[in-house]
Amino acid sequence: MTLIGGGTAAATMARFGLLVGRAFRSKRAPLDAPHGHLVAGGLFLLQAVVLGLLAAAGVGGIRVVEAHVVFLLIGWAGGVVVGHLPKLLSLSLWVWWPPGPRPKQAQLYLRRLAVAETAAFAAGVEVLGLAVLAGNVAAARTGAALVAASALVAAAAAVAVWRRRA
């Protein structure tokens, strides 16, 4: 039953992935941080599903389960939340701007910092997950350091956005 449920979930996510892919191909604007996190998160979710099915089948031992948790909780769940932080913070500041002329919401959003955070996060989670799967401690530390660096960039972007308020 576990494998049937996992297979059904995988098929549903594949369909969703096709719909998201079609939407991104029709989009003319450059890739943004929330979109980047969504795409990376989808890939992490796919890896988590494969590893979860392997773990359910009893293949690979504890490292498969640990890598599954990295890709699912850090990569997908954490990434989707963190990816929206700079955009939502700048939108919140714009909504609560004092009376008078408002800047454009895009002026409050630091796109380059957010995209840099997305790249560091995606690379870090990928390295961390694969290192956990392989049992490579040095590579796992490198991946964890990239994830930590992405958190620092996200925090710096949040502080910079917050300071732009009137």
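Rules of the game
Residues numbered from 1 in each chain as written. Predicted model: local features only at pLDDT ≥ 70, side-chain atom pairs only at ≥ 80, totals over all residues. Heavy atoms only, no water. Helix = DSSP H or I, 4+ residues; strand = E, 2+ residues; numbered from the N terminus. Buried < 20%, exposed > 50% of the residue type's maximum accessible area, 1.4 Å probe, protein only. Contact = heavy atoms within 4.5 Å. Phe/Tyr/Trp six-rings, centres within 6.5 Å; stacked < 30°, edge-to-face > 60°. Lys NZ or Arg CZ within 6 Å of the ring centre and 35° of its normal.

1. Here's the deal with the side chain of S90
Point 1. Its location among the elements puts S90 in helix α3 (residues 62-95).
Point 2. Judged by its relative accessible area of 0%, S90 is buried.
Point 3. In this view, S90 contacts Q105, L108, Y109 and V161; residues no more than four positions away in its chain are not counted.

2. Quick notes on the environment of A156
Point 1. Here A156 shows up in helix α6 (residues 137-163).
Point 2. With a relative accessible area of 41%, A156 lands in the partly exposed category.

3. What to know about the packing of aromatic side chains
Point 1. According to the stated counting rule, one finds 1 aromatic pair in the structure shown.
Point 2. The interplanar angle of 20° and the centroid separation of 5.9 Å between the aromatic rings of F44 and F71 together place this pair among those described as stacked. Note that F44 is positioned in helix α2 (residues 33-56) and F71 in helix α3, a separation of 27 residues in sequence.
Point 3. Taking the relative accessible area as the measure of exposure, F71 reaches 1% and is therefore buried.
Point 4. Directly above the ring of Y109 sits K87, whose terminal nitrogen or CZ lies 4.2 Å from the centroid.

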